[in-house]
Amino acid sequence: MSKCNRSRLREATSTPPTDAERCDFLQKVAIGQATGCWEWARCLDTGGYGNAWFRGTNWRAHRVSWFLFRGSLPVDDLVLHKCDNRSCVNPEHLFLGDHSVNMADMRTKERCVEQHHNCRLTREDVLEIIRLAQGGGMTQAAIGSRFGIGDATVNNILRGRRWLHVTRGALQYRTVTGATGGSRGRRPGKTELAGQRSLFPEGGA
Ligand SMILES: [Zn+2]
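Note that the coordinates shown come from a computational prediction; the quantities given were computed from them, not determined experimentally. Sequence order as written defines residue numbering, which begins from 1 separately in each chain. With the structure being a predicted model, the display of local features is reserved for residues of pLDDT at least 70 and the display and counting of side-chain atom pairs for 80 or more, all residues being used for whole-chain, interface and lining totals. To get the side-chain values, take all heavy atoms of the structure and skip hydrogens and water.

## Observations concerning the packing of helix α5 (residues 123–135) against helix α7 (residues 151–158)
Thinking step 1. A fitted line through C-alpha atoms represents every axis, and for helices the fit uses only the stretch in contact; the resulting angles, taken between N-to-C directions, go from 0 to 180 degrees. Secondary structure is summarised from DSSP: a helix means a run of H or I of at least four residues, a strand means a run of E of at least two, and numbering begins at the N terminus for each. In contact at an axis separation of 10 Å, α5 and α7 are set at 90 degrees when each is read in the N-to-C sense. With respect to their mutual orientation, α5 and α7 come out roughly perpendicular. Between α5 and α7, the contacting residues are Val126, Ile129, Ile130 and Ala133 on the first element and Val154, Ile157 and Leu158 on the second. Each angle gets one of four labels, with under 35 degrees taken as roughly parallel, over 145 as roughly antiparallel, 65 to 115 as roughly perpendicular, and the rest as oblique. Note on contacts: a residue pair is in contact if any heavy atoms of the two residues lie within 4.5 Å.

Here it is as structure tokens:
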């Protein structure tokens, strides 16, 4: 955050929040019955966070919420979501943290996603899938049936749409060949093309 922004926010939060401000804020909130999230019912920014105009400044709405319901806002701290819902402004779903807390929080959530949505595969399975695809001897459908998953899931893994945090190193081969074959204007050699075809037999790597 720039010095200018910081002093502007410090200025905007220099007097305590009032009941009138809290009431006004709550007019712009819809409470989710199942989640308990307070959904921001006005503009969202491109990142999905609520946008709020407050005391002459444009804010992220969840930061305003922290200020209104906690009474102060340390300008150097991030206000983070426990509920992972960026448009939520429920102060009970928020916590303060710095950048390192934010990174640790993201890693924890990534692990949870891995456990819940990809439970049929282990990290070792995923790397084996890449190895088999790069070997070129099996179709994506055949690889999928070996691991009890569909060929679309295999394709997503090979294209880095799933499990990228595990496969980044193994898939680098594709990125490197893509870059040398494309953006630098050099025609790819035979080996590189063979590699791409075996990874993406349907074409269009
Ligand atoms: Zn929430």
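Back to the write-up after that little detour.
## Focus: the coordination of the zinc ion
Thinking step 1. For Na, K and Ca the donor cut-off is 3.2 Å, and for all other metals it is 2.8 Å, counting N, O and S atoms only; because water is absent from this set, sites may look incomplete. The protein atoms that coordinate the zinc ion are Cys37 (SG), Cys83 (SG), Cys88 (SG) and His93 (ND1), at distances spanning 2.1 to 2.3 Å.
Thinking step 2. What the 4 donor atoms of the zinc ion show is an angle range of 109 to 111 degrees at the metal, which sorts the shape as tetrahedral.
Thinking step 3. One chain supplies every donor to the zinc ion, and in sequence these donors are spaced C-x45-C-x4-C-x4-H. Of this pair, Cys37 sits in the loop between β1 (29–31) and β2 (38–40) while Cys88 sits in the loop between β5 (78–81) and β6 (94–97), placing them 51 residues apart in sequence. Angular criteria define each label, namely tetrahedral for four donors with all angles between 85 and 135 degrees, square planar for four and octahedral for six donors with opposite donors over 155 degrees apart and remaining angles between 65 and 115, and irregular for whatever fails these tests.

## Describing unusual backbone geometry
Thinking step 1. One non-glycine residue with positive phi stands out, namely Arg55, at about 50 degrees.
Thinking step 2. Assignment of secondary structure puts Arg55 in the loop between β3 (51–54) and β4 (57–60).

## A short note on the packing of aromatic side chains
Thinking step 1. Ring pairs are drawn from Phe, Tyr and Trp, using the six-membered ring of Trp, whenever the two centres fall within 6.5 Å, and their geometry is named by plane angle: stacked under 30 degrees, edge-to-face over 60, tilted for the rest. Going through the model one piece at a time under the given rule, you end up with 5 aromatic pairs.
Thinking step 2. Ring centres 5.1 Å apart and planes at 35 degrees place the aromatic pair Phe25 and Trp40 in the tilted group. Linking Phe25 in helix α2 (residues 19–26) with Trp40 in strand β2, this pair joins segments that are 15 residues apart in sequence. In terms of burial, Phe25 and Trp40 fall into one category: buried.
Thinking step 3. With a centroid separation of 5.5 Å and an interplanar angle of 80 degrees, the aromatic rings of Phe54 and Trp59 are classed as edge-to-face.
Thinking step 4. Given a relative accessible area of 9%, Phe54 falls into the buried group. The rule is simple: take the accessible area with a 1.4 Å probe, protein chains only, and divide by the maximum for that residue type; under 20% is buried, over 50% is exposed, in between is partly exposed.

## So, the environment of Ala142
Thinking step 1. Locating Ala142 in the fold gives a position in helix α6 (residues 140–147).
Thinking step 2. Taking the C-alpha atoms as reference points, Ala142 and Val154, 12 residues apart in sequence, are found 9.8 Å from one another.

## What to know about the side chain of Thr13
Thinking step 1. With respect to the secondary-structure elements, Thr13 resides in the loop between α1 (3–12) and α2.
Thinking step 2. In this structure Thr13 comes out as buried when scored by relative accessible area, which is 15%.
Thinking step 3. Polar contacts involving the side chain of Thr13 include one to the main-chain carbonyl oxygen of Leu9, which spans 2.9 Å.
Thinking step 4. Beyond its immediate chain neighbours, meaning those up to four positions away, Thr13 contacts Arg55, Trp59, Phe67 and Leu73. The definition of a polar contact used here is a pair of N or O atoms within 3.5 Å, where within protein one atom must be able to donate a hydrogen and the other to accept one, and adjacent residues in sequence count solely through side-chain atom pairs.

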